[in-house]
Amino acid sequence: GTGYGSNLLSQFAKSVNATELDLSLLVRARERFQKDNLAYTDTPIQQQYDVVVSLEVIEHMSKEYGYKLLDHIHAHTKSKGLAFISTPRKIDNPSENRKEYHLHEYTHQEFRAMLEERFDAVLVFAQNDELISSQNLDNAWNFMAICFKS
């Protein structure tokens, strides 16, 4: 992405390793946000982390690659670790722009099921603006999941 989320996380974390496969976005993020505890890479992570964060990424790939992304996240989350994963809710009449960039969107049932296949416990919340709730998942703008690994 643009580096905004990684920059925000770096204010609260000891270290942040941000991965972006699109080199033009990676360069822009590096130029915009430079901190001692913030590193950028264009290759998928290979070490394990206490916390893995993937915000609004999975919808930009096919369902098949979405499953592979979740497998990768799970494999690189330490035992007793957490993964925070979000995605927009699938809508019936998406805009042309949304259709172009979102290759696969998820219902909350589909999103929860694919996370529960991999993680030991999963909480899925509805996100509307700055409000996060366990209610009204069918009307959420986004889903935010907290995934626990034993």
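Reading the values: rules and limits
- Residues numbered from 1 in each chain as written.
- Predicted model: local features only at pLDDT ≥ 70, side-chain atom pairs only at ≥ 80, totals over all residues.
- Heavy atoms only, no water.
- Helix = DSSP H or I, 4+ residues; strand = E, 2+ residues; numbered from the N terminus.
- Rg over C-alpha atoms; globule rule 2.2 N^0.38 Å.
- Buried < 20%, exposed > 50% of the residue type's maximum accessible area, 1.4 Å probe, protein only.
- Contact = heavy atoms within 4.5 Å.
- Phe/Tyr/Trp six-rings, centres within 6.5 Å; stacked < 30°, edge-to-face > 60°.
- Axes fitted to C-alpha atoms, helices over the stretch in contact; angles between N-to-C directions.
- Parallel < 35°, antiparallel > 145°, perpendicular 65-115°, else oblique.
- Left-handed = near helix turned anticlockwise from the far one by under 90°.
- Pairing = 2+ DSSP bridges.

Before going further, it helps to spend a moment on the overall build of the chain. The secondary structure content of the chain amounts to five helices and seven strands. Relative to the 2.2 N^0.38 estimate, which gives 15 Å for 150 residues, the radius of gyration of the chain is 15 Å and therefore close to what a compact globule would have. Taken over the C-alpha atoms alone, the chain extends approximately 40 × 40 × 30 Å along its principal axes. Here the chain holds 150 residues, and the buried ones make up 38% of them. Look at the contacts in the chain between residues 6 or more apart in sequence, and 64% of them connect residues 24 or more apart.

What follows covers the packing of aromatic side chains. In total, this model carries two aromatic pairs according to the counting rule given. Seen from their ring centres, Tyr-106 and Phe-111 are 6.4 Å apart, and the 45° between their planes marks the pair as tilted. For Tyr-106, a relative accessible area of 0% gives the class buried. Between the aromatic rings of Phe-111 and Phe-143, the centroid separation amounts to 6.1 Å while the plane-to-plane angle is 25°, which identifies the pairing as stacked. You can see Phe-111 sitting in helix H5 (residues 108–116) and its partner Phe-143 sitting in strand E7 (residues 142–148), a full 32 residues away along the chain. In this pair, the class of Phe-111 matches that of Phe-143, namely buried.

Let us look at unusual backbone geometry. Here Glu-56, not a glycine, exhibits a phi torsion of approximately 50°, which is positive. Inspection of the secondary structure puts Glu-56 in the loop between strand E3 (49–55) and helix H3 (63–75). On the accessibility criterion, Glu-56 (36% relative accessible area) is partly exposed. Within the chain, Asp-129 stands out as a residue other than glycine whose phi angle is a positive 55°.

What follows is about the packing of H3 against H5. It is at 10 Å that the axes of H3 and H5 come closest, and there the two elements cross at 40°. Taken together, H3 and H5 sit at an angle that is classed as oblique. The crossing of H3 and H5 is right-handed. Mapping the contact onto sequence places Lys-63, Gly-66, Tyr-67 and Leu-70 in H3 and Glu-110, Met-114 and Leu-115 in H5.

Further remarks concern the environment of Asn-136. For Asn-136, the location among the structural elements is in the loop between strand E6 (131–133) and E7. Taking C-alpha positions, Asn-136 is 28 Å from Ser-150, a pair spaced 14 residues apart along the chain.

Right, let's get into the pairing of E7. Of all seven residues in E7, six are buried, a share of seventy percent or more. Summarising the sheet, strand E4 (residues 77–88) and E7 pair through seven bridges and their orientation is antiparallel. Opposite Ile-85, over in E7, you have Ala-145 as the bridge partner. Bridge count between strand E5 (residues 121–128) and E7: seven bridges; the pairing is antiparallel.

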